[in-house]
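Each chain, written out:
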Amino acid sequence: MMIIDENLKSLSKANGVCDREELIEDYCIQIRLSNSIYYRPKNSGVKIVYGSSSDALDDGYEMVDPQITPVILEPMGRILACSQEKYSIPRNVFGLVQTKGSLARLFVQVTCCDGQIEPGFVGKITLEIVNLSPFTIEIPILSKVAQLYLFQCSMNTSKPYTGKYANHTFPSLPNFEDF
Ligand SMILES: Nc1ccn([C@H]2C[C@H](O)[C@@H](COP(=O)(O)OP(=O)(O)OP(=O)(O)O)O2)c(=O)n1
């Protein structure tokens, strides 16, 4: 069951789902692009083996300050960014991140099919932003790029999400520990 309207507002306030009340709308909670660092893949010939931790993984990304280098995506440009706000998902709620429609109509997606936010997750949400269009697109910091939809689960989970991507205050790079 999707949580909407007054239920969404009251659940969000009662559980501190998102500190910024004006982001809570009728059907969803808006997600803004963070004004702190983002990661950009380097264009060198870095080889990464999926599932294996290695220096190549860290070497493959460079950290960028959007206050100095704005988020400007060339065609097929991609970055790892995160939400400006922290989100706290109750133990009986599941979240789903979707790209804002107007951004999607520019052929930009803010997740690479990884939009699931598990019950109990607390932290900033990582956004895998890809420009699939032929245009050069600038995305100003703090602009609304995505929306979080919340769904009621059948029960309170006994295992709220405390995994490797919890409690991040920056975009999280892939982590293959305990993979
Ligand atoms: N775009 C996303 C997607 C998820 N998360 C957060 C919320 C999720 O509850 C948590 C875990 O995400 P995944 O389920 O995608 O990660 P896995 O546990 O599947 O990791 P792995 O792929 O290593 O198994 O990360 C996030 O910040 N940004």
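Rules used in this analysis
- Residues numbered from 1 in each chain as written.
- Predicted model: local features only at pLDDT ≥ 70, side-chain atom pairs only at ≥ 80, totals over all residues.
- Heavy atoms only, no water.
- 1 Å grid on protein atoms, 1.4 Å probe; cavity = no way out; pocket = protein on both sides within 12 Å on 5 of 7 lines; lining within 4 Å.
- Points joined across faces, edges and corners; volume = space filled by probe spheres on them.
- Helix = DSSP H or I, 4+ residues; strand = E, 2+ residues; numbered from the N terminus.
- Nonpolar A, V, L, I, M, F, W, Y, C, P; charged D, E, K, R; others polar.
- Salt bridge = Lys/Arg side-chain N within 4 Å of Asp/Glu carboxyl O.
- Buried < 20%, exposed > 50% of the residue type's maximum accessible area, 1.4 Å probe, protein only.
- Patch = residues over 30% accessible without salt bridge, like charges linked within 9 Å, V, L, I, M, F, W, Y side chains within 5 Å.
- Areas by Shrake-Rupley, 256 points an atom, 1.4 Å probe, with all protein chains shown as cover.

Colleague: Mind showing me how you'd approach the layout of surface pockets here?
Modeller: Picture a little ball the size of a water molecule; that probe, rolled over the atoms, points out where space is still empty. Of the pockets and cavities examined, the largest pocket occupies roughly 860 Å³. Every residue lining the largest pocket is counted, 33 residues in all, and those nearest its centre are Asp114, Thr126, Glu128, Tyr165 and Ser172. Those elements that provide at least two residues to the lining of the largest pocket are strand E2 (38-41), strand E5 (78-88), strand E8 (116-117) and strand E9 (122-131). Considering each element in turn, the lining of the largest pocket owes the most residues, six residues, to E9. Across the lining of the largest pocket, the residue classes tally to 21 nonpolar, five polar and seven charged. Within this model, the second largest pocket holds a volume of roughly 230 Å³. If you go around the second largest pocket, you meet 16 residues; those closest to its centre are Arg40, Ile72, Leu73, Gly77 and Arg78. Looking at the lining of the second largest pocket, the elements with two or more residues in it are E2, strand E4 (72-73) and E5. If you tally residues by element for the lining of the second largest pocket, the top one is E2, at three residues. Looking at side-chain class alone, the lining of the second largest pocket contains nine nonpolar, three polar and four charged residues.

Colleague: Teacher, can you tell me more about the pattern of salt bridges here?
Modeller: Under the defined criterion, the tally for this structure stands at five salt bridges. For Arg32, the salt bridge identified is with Glu85, shortest N-O distance 2.8 Å. Placement of the pair is Arg32 in strand E1 (residues 29-32) and Glu85 in strand E5, with a sequence separation of 53 residues. Each member of the pair, Arg32 as well as Glu85, is classed as buried. For Arg40, the salt bridge goes to Glu62, with nearest N and O atoms at 3.2 Å. Linking Arg40 in strand E2 with Glu62 in strand E3 (residues 61-64), this pair joins segments that are 22 residues apart in sequence. A relative accessible area of 32% places Arg40 in the partly exposed class.

Colleague: Even after reading the chapter, I still don't get a nonpolar patch on the surface, so can you show me in this structure?
Modeller: A surface patch of nonpolar side chains, amounting to about 470 Å² of accessible area, comprises Met76, Leu106, Phe107, Leu132 and Phe135. By the secondary structure assignment, Leu132 is in the loop between E9 and strand E10 (137-138).

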